[in-house]
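Coordinates in review
Here's the letter readout for the chains.
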Amino acid sequence: MENIAYYNGRISSIEEMMIPMNERSSYFGDGVYDAMFTVERVPLQLDDHLRRFYRSAKRIEIEVLMPFDELRAMVLDFCRRVDSPDQMVYVQATRGVGMRGHAYRFAGGTPSLWVWVKPDVLDPMDRDYRCITMEDTRYLHCDIKTLNLLPSVIYTQRAEEAGCDETILHRGERVTECAHSNVHILRDGALKTAPCDNLILPGITRAHRIAQCREMGIPVIEEPFTVQEMMEADEVFFTSASALCCRIREIDGRSVAWAEALSEVEALKAAVSR
Ligand code: PLP
């Protein structure tokens, strides 16, 4: 089949799935999600993404009603059933269905579980990327992967309008992350990346690139860095489940200097592809 969706026990195509009007996700974005990509129908870092999914849900007091192993098995089954071997896997838990009201102890409400798998591909690593910067005006719980994505939608729209691929966010001078990825710099052979506090999402891909750097003997500094440091870095790259290791060549129309022969990002990309 072309794609497949699950919602609270029902299974259909994504296009045919019907969701009740009173889903709290549509009124309040009252839920959390996670997303990953497959290579040959194998979801990359599936367990890490599912563990973060259950953690995010717990942080906002939503119980994922399906046990971890059952959800994992369903995801793998869906990946086998979708025709394309290159897929995006999406899981979402919401506060459920109930007459609109901000407080969530509404009578009878049980959390909803959404899962879908559709054809999609990873962002290519064999090209360079262009970014814009914008002030990070999101709230202070960016470490929870919630559905409240309006700022990210606007940041991504602005990047597209500028003919760019991603928006790098900063709070004042401090670079936080991107609209939907983490951003990292390399300076004098060391990786510098924002620490996992409440201002960034602890990216699964970020964690894997950090581990890879350590294996390759590249020192890792998890400390805040500034916009100026980024503009003067040897290399800048972003990571996410869909962009495993994407080098940034231009920021706000200015090229970011990097030396091809010494490129740590090239070495990381080569290691990712193996
Ligand atoms: N930061 C934000 C705001 C994101 O939305 C994402 C991914 O969706 C990431 C970082 C990267 O996280 P991951 O590597 O787990 O996909």
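Below or above, wherever it landed, is the structure these notes cover. (Residues numbered from 1 in each chain as written. Predicted model: local features only at pLDDT ≥ 70, side-chain atom pairs only at ≥ 80, totals over all residues. Heavy atoms only, no water.)

Let's talk about the pattern of salt bridges
Should their charged atoms come close, side chains of opposite charge can pair. Heads up, the condition is: Just to be clear on terms, a salt bridge is a Lys or Arg side-chain nitrogen sitting within 4 Å of an Asp or Glu carboxyl oxygen. Labels follow the DSSP assignment, with helices taken as runs of H or I lasting at least four residues and strands as runs of E lasting at least two, numbered in each case from the N terminus. For every residue, the accessible area (1.4 Å probe, protein chains only) is compared with the maximum for its type, and the residue is labelled buried under 20%, exposed over 50%, or partly exposed between those bounds.
All chains considered together, the criterion is met by 23 salt bridges. Residue D77 pairs with R81 through a salt bridge whose shortest N-O separation is 2.9 Å. Highlighted residues: D77 and R81, both in helix 3 (residues 68-81), separated by four residues, approximately one helical turn. Residue classification places D77 among the partly exposed residues on the basis of a relative accessible area of 27%. Across the pair E250 and R130 runs a salt bridge, and its minimum N-O distance is 3.1 Å. Linking E250 in strand 15 (residues 246-251) with R130 in strand 7 (residues 129-135), this pair joins segments that are 120 residues apart in sequence. A residue is classified by how much of its surface remains accessible, and E250, at 21% relative accessible area, is partly exposed.

Quick word on the nonpolar core
Considering soluble globular proteins, one finds that nonpolar side chains tend to be buried as a cluster. Here is the rule we go by: Nonpolar cores were defined as sets of buried Ala, Val, Leu, Ile, Met, Phe, Trp, Tyr and Cys residues, with membership established by side-chain atoms within 4.5 Å. The criterion used for residue contact is that any of the two residues' heavy atoms lie within 4.5 Å.
In this structure, F53, L71, V75, L113 and V115 are the most contacted members of the largest nonpolar core, which totals 26 residues. Secondary structure elements with two or more residues in this core: strand 1 (4-7), strand 3 (31-39), helix 2 (46-59), helix 3, strand 5 (87-94) and strand 6 (112-119). Leave out the neighbours within four places in its chain, and V75 touches P43, L46, V89, V91 and V115.

Observations concerning a negative patch on the surface
Definition in use: Each patch is built from residues that are more than 30% exposed by relative accessible area and take part in no salt bridge. Like charges join if they lie within 9 Å; nonpolar side chains (Val, Leu, Ile, Met, Phe, Trp, Tyr) join within 5 Å. Accessible surface area values rest on a Shrake-Rupley calculation with a 1.4 Å probe, where residue burial reflects the displayed protein chains alone. In this tally, Asp and Glu contribute negative charge and Lys and Arg positive charge; neither His nor the terminal groups of the chain are included. All charge positions are set by atom: Lys at NZ, Arg at CZ, Asp at CG, Glu at CD.
Together, E2, E15, E16 and D83 line one region of the surface with negative charge. With respect to the helices and strands, the residue D83 is situated in the loop between helix 3 and strand 5.

Considerations on the packing of helix 5 (residues 204-215) against helix 7 (residues 264-273)
To keep it simple, the criterion reads: Geometry is summarised by axes, namely lines fitted to C-alpha atoms with helices restricted to the contacting stretch, and by angles between N-to-C directions that run from 0 to 180 degrees. The scheme is simple: roughly parallel for angles under 35 degrees, roughly antiparallel for over 145, roughly perpendicular for 65 to 115, oblique for anything else. By the convention adopted, Pro, Cys, Tyr, Trp, Phe, Met, Ile, Leu, Val and Ala count as nonpolar, Lys, Arg, Asp and Glu as charged, and the other residues, Gly among them, as polar.
Running from amino to carboxyl end, helix 5 crosses helix 7 at an angle of 105°, the nearest separation of the two axes being 11 Å. Here helix 5 is positioned roughly perpendicular relative to helix 7, judged by the angle of their axes. Contact residues: R209, Q212 and C213 in helix 5; L268, A271 and V272 in helix 7. Split into classes, the residues belonging to the contact of helix 5 with helix 7 amount to four nonpolar, one polar and one charged.

Examining the pairing of strand 8 (residues 166-171)
For the record, the criterion: Strands are treated as partners if at least two bridges between them are detected by DSSP. For the handedness criterion, the strands are oriented away from the viewer, and a crossover whose path from the first strand over the helix to the second runs clockwise is classed as right-handed.
Among the six residues of strand 8, six are classified as buried, and the element is accordingly described as predominantly covered. Side chains of strand 8 alternate between two faces, with E166, I168 and H170 and T167, L169 and R171 buried alike. Judged from the five bridges that link them, strand 7 and strand 8 form a sheet pairing that is parallel. Looking at the pairing, M134 lines up with L169 of strand 8. Since strand 7 and strand 8 lie parallel, the crossover through helix 4 (residues 150-161) that links them has a hand, and here it is right-handed. The pairing of strand 8 with strand 9 (residues 174-178) spans three bridges and is antiparallel.

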